[in-house]
Amino acid sequence: TFTNNWKNILDKLQSVLRTEFKNTLPVYVGEANEKAGSQYLRLDPVGSELLEYNVTSETREYNINLFLYFADKSESRTKLDAILRLVSRIESLIVDNIAMTLTDSSSLFNCRLESTLLDAVEDTESYVVLFDYKCMHLGNVG
């Protein structure tokens, strides 16, 4: 049998973000950008890398891009302050969740944002922030 680690990881990350922001910041998983209001967060799985492999388990590092969208691309100081405050809140939330238990009772650990890129997509109507999220998972334990 197998476990869909991607689904478990994305569901947990989405749950943590939704719990923090309630209805003020919609969070969804998807490769395509589907507008979800004036500001929203999209989780886009990128890939995984095998870090350690042995006869009883494997350790993988998962990489997920988080895209934070703001419908207003104007360059006002007030808007930028709001964006930076939300970015800092997301960064702090990830630090507070450096380890998480998944629905199958396995654990994510070393969860972190490796980088944050402001105004990451220039040819769009929205101001977009790109977070590079990584986490490790011990799986296929036998």
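Structure first, text after, so check above.
The paragraphs below set out a description of the structure included in this document. (Residues numbered from 1 in each chain as written. Predicted model: local features only at pLDDT ≥ 70, side-chain atom pairs only at ≥ 80, totals over all residues. Heavy atoms only, no water.)

Scanning the entire structure with this criterion turns up four aromatic pairs. Here the aromatic rings of tryptophan 6 and tyrosine 62 are separated by 4.8 Å at their centres, their planes lie at 85 degrees, and the arrangement is edge-to-face. With tryptophan 6 in helix H1 (residues 5-21) and tyrosine 62 in strand S3 (residues 58-70), this residue pair connects regions lying 56 residues apart in the sequence. Overall, the relative accessible area of 27% leaves tryptophan 6 in the partly exposed class. Among the aromatic residues, those joined into a ring-pair cluster are Tyr28, Tyr40, Phe67 and Tyr69. (Phe/Tyr/Trp six-rings, centres within 6.5 Å; stacked < 30°, edge-to-face > 60°. Helix = DSSP H or I, 4+ residues; strand = E, 2+ residues; numbered from the N terminus. Buried < 20%, exposed > 50% of the residue type's maximum accessible area, 1.4 Å probe, protein only.)

Summed over the entire model, instances satisfying the criterion amount to seven salt bridges. Among the ionic pairs, arginine 112 bridges to glutamate 61, the shortest N-O distance being 2.4 Å. With arginine 112 in strand S5 (residues 107-117) and glutamate 61 in strand S3, this residue pair connects regions lying 51 residues apart in the sequence. Exposure class is identical for arginine 112 and glutamate 61. Each is buried. (Salt bridge = Lys/Arg side-chain N within 4 Å of Asp/Glu carboxyl O.)

Let us now look at the environment of valine 128. Residue position: valine 128 is located in strand S6 (residues 127-139). Expressed as a C-alpha distance, the spacing of valine 128 and tyrosine 69, which sit 59 residues apart in the sequence, is 4.7 Å. If we ignore the near neighbours within four places in the chain, the residues touching valine 128 are Phe67, Leu68, Tyr69, Leu117, Leu118, Asp119, Ala120 and Val121. (Contact = heavy atoms within 4.5 Å.)

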